[in-house]
Amino acid sequence: MNIRNGLAASIYRLLVAILAMLGAWMCFENFGWSSWRVLLTYTLLFTTIYFGVLAIVGLVLNKRKRQALGLPMLEGALIITLLTVSVTTFVFMARDWEHPALAGGAAALSYVTLPVLVIADWLIFMPKGRWRSIYPFYWLAFPVFYVAAILFTAELYPNIDLRYPLAFLDYHIHDIVQMIWILIFYAICILIVGYGFYAIDALVGGKVGKYVVLPKIKLVEVGEVGDHEERTMTKGSSSGSKDKSAKNMPVDKIESKKRRPKAPQVAKND
């Protein structure tokens, strides 16, 4: 279920791209060059590029080709990554843990408005049923690459700003086993949320009916009493008509039927 208005989708996506670009600019304003070590910066830049390209291409193409726009795997990755960044930021702020985060209107735009707009684009304009069951594992790639890049560059440049944007990644201070367990917890949460969105996509897109056999219900029509009596009367009238026809038959014909000779049987000679 989706709205097949390509022009409206292109204008909407252009608005999302502009807001994502504004959020990325706010990241550079707050963190400077250290923004390249913040996951939110990469997420907003990819959101800007993805929705900007969709909007421009959608405005150029004709009406039929606009409806086929979109990359199912990438749109799911953006949704999951934006939600991961937002939930992580809210949890760290609630726990009063050190974490590079935006504040004020920039925070409302990046952590609330943009995730809602991206999810709304998927719900309203994207055709459903195009996601595959393996996609949630693909969506883990972006956070995994980010963590690997942070750990690698932290060892390569020990004096860099925001060496460990997330405190638990500093395995020199915290236990490395604890870091691994936290990352595993993140991966499990991402898979749970990812398969939740996949279930919605499959349900709305009609893919559930291909794999789930629904029970067949046999409907029995029960007629009214008047119908039953009418059928009984018609049966009785039909049998009565047969009796009447037999009574009206001449007597000689009835006797001829009764006295009809049997065919002679010929004995077989062995």
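Above this note sits the structure.
In this text, all values refer to a predicted model and were calculated from it rather than measured experimentally. (Residues numbered from 1 in each chain as written. Predicted model: local features only at pLDDT ≥ 70, side-chain atom pairs only at ≥ 80, totals over all residues. Heavy atoms only, no water.)

A. Representation of the nonpolar core in the model. One finds Leu40, Leu102, Trp131 and Leu169 to be the most contacted residues of the largest nonpolar core, which totals 54 residues. Those elements giving two or more residues to this core turn out to be α1 (6-31), α2 (39-60), α4 (72-95), α5 (105-124), α7 (141-156) and α8 (176-205). Here the element with the most residues in this core is α5; it accounts for 10 residues. Apart from the residues within four sequence positions on either side, Leu102 is in contact with Met26, Cys27, Asn30, Phe31, Leu40, Ala107, Ser110 and Tyr111. (Core = buried A, V, L, I, M, F, W, Y, C linked by side-chain atoms within 4.5 Å. Buried < 20%, exposed > 50% of the residue type's maximum accessible area, 1.4 Å probe, protein only. Helix = DSSP H or I, 4+ residues; strand = E, 2+ residues; numbered from the N terminus. Contact = heavy atoms within 4.5 Å.)

B. Quick look at unusual backbone geometry. We note that Asp96 has phi near 60°; this positive angle belongs to a residue other than glycine. Looking at the element boundaries, Asp96 is found in the loop between α4 and α5. Notably, Leu162 is not glycine yet its phi reads approximately 50°, a positive angle. Inspection of the secondary structure assignment puts Leu162 in the loop between α7 and α8.

C. Region of the structure containing the packing of aromatic side chains. Inspection of the entire model under this criterion finds 15 aromatic pairs. With 5.2 Å between their ring centres and 65° between their planes, Phe28 and Trp36 make a pair best called edge-to-face. With relative accessibility at 36%, the residue Trp36 sits in the partly exposed group. Where Phe46 meets Phe142, the ring centres are 5.4 Å apart and the plane angle is 85°; that geometry is what we call edge-to-face. (Phe/Tyr/Trp six-rings, centres within 6.5 Å; stacked < 30°, edge-to-face > 60°.)

D. Structural detail: the environment of Val144. Of note, Val144 is situated in helix α7. Since its relative accessible area comes to 48%, Val144 is described here as partly exposed. Counting along the chain gives 39 residues from Val144 to Leu183, while the straight-line C-alpha distance between them is 9.0 Å.

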